[in-house]
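For reference, the chains in residue letters:
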Amino acid sequence: MNYITILKIIIKMDKLKKLIVYKIDGINYIGSTIESLNKRKWKHNSDCYNVKNKNYNISLYIHIREKSLQIKLIPIAYYFVSNKSRRYAEQYWINKYDSINNWLKSINWINKKKKYHKEYCKKKKEKKKEYNKEYREKNKEIIKKKQKQKINCPKCNCVVSKRNISTHQKSKKCKKLMLLHHQL
Ligand SMILES: [Zn+2]
């Protein structure tokens with residue numbers, strides 16, 4: 001091999017990252033990381049127990065919380081990979097362990113998902129209600145003023161109070177005036 005070819009190979013290798021494919025102990029879940037296993041474990045824990053995290057409600061973490069499992073990562077393979085090939089390395093092990101099918105089956109995920117989704121929606125609704133109530137109480141005066149506020153109806157240009165605008169726009173008066181404006 002000539003110098004340039006060797007150089008090209010070395011440059012390529014420099015860009016590769018060490019990938020660790022791991023399995024979560026006790027769960028047939030395969031993941032991979034280019035960071036250390038400890039860091040990845042820390043992130044799994046943060047995702048699992050921090051409600052604000054967007055991954056909080058994925059099946060894996062719901063399962064872990066429900067069963068009070070410890071997150072322990074067991075390395076199963078190491079690779080030097082590019083960003084593009086990373087996915088394939090992980091997928092090889094997911095297929096080998098039949099990870100997706102197996103573990104979703106094992107926790108009867110579909111029913112659980114429905115249950116959690118319902119609870120989640122309910123909680124969200126309640127929170128919104130609470131927030132709206134608080135908002136109304138804090139801003140009583142402003143809301144009152146706003147409701148009394150007069151505006152021009154954008155359809156017919158009549159002066160109406162803001163709170164009545166939708167009723168007004170359904171009225172015959174508004175429709176008639178609007179027609180008139182169009183004819184002019
Ligand atoms: Zn109108």
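As the structure is a computational prediction, the values presented were derived from the model and not from experiment.

Moving on: the environment of N57. Examined against the element boundaries, N57 turns out to sit in the loop between α2 (37–49) and α3 (59–66). The spacing of N57 and Y120 is 63 residues in sequence and 9.1 Å in space, taken between C-alpha atoms.

Working definition: the strands of a sheet are paired by backbone hydrogen bonds and lie parallel or antiparallel to each other. Read from one edge to the other, the open sheet built from three strands follows the order β2-β1-β3, with strand pairing classed as antiparallel. Looking at which strands have only one partner, the edges of the open sheet turn out to be β2 (29–33) and β3 (73–81). Ignoring which end each strand starts from, the neighbouring axes of this sheet average 25 degrees apart. The pairing of strand β1 (residues 17–24) with β3 spans eight bridges and is classified as antiparallel. Of the residues in β3, the one forming a bridge with K17 is V81. Those strands touched by α2 are β1, β2 and β3, and its axis lies near 120 degrees from that of β3.

Let's shift gears to the nonpolar core. Membership of the largest hydrophobic core is limited to eight residues, which are V21, Y22, I24, Y29, I30, L60, I64 and I71. At the level of elements, β1, β2 and α3 are the ones that each hand at least two residues to this core. Residue contributions to this core peak at three residues, all from β1. Setting aside residues no more than four positions away along its own chain, I24 makes contact with Y29, I71, K72 and L73.

Cut-off values and rules
- Residues numbered from 1 in each chain as written.
- Predicted model: local features only at pLDDT ≥ 70, side-chain atom pairs only at ≥ 80, totals over all residues.
- Helix = DSSP H or I, 4+ residues; strand = E, 2+ residues; numbered from the N terminus.
- Pairing = 2+ DSSP bridges.
- Axes fitted to C-alpha atoms, helices over the stretch in contact; angles between N-to-C directions.
- Contact = placed C-beta atoms within 7 Å.
- Core = buried A, V, L, I, M, F, W, Y, C linked by C-beta atoms within 7 Å.
- Buried ≥ 20, exposed ≤ 12 C-beta atoms within 10 Å, placed from the backbone.

Any functional reading would require information beyond the geometric quantities listed.
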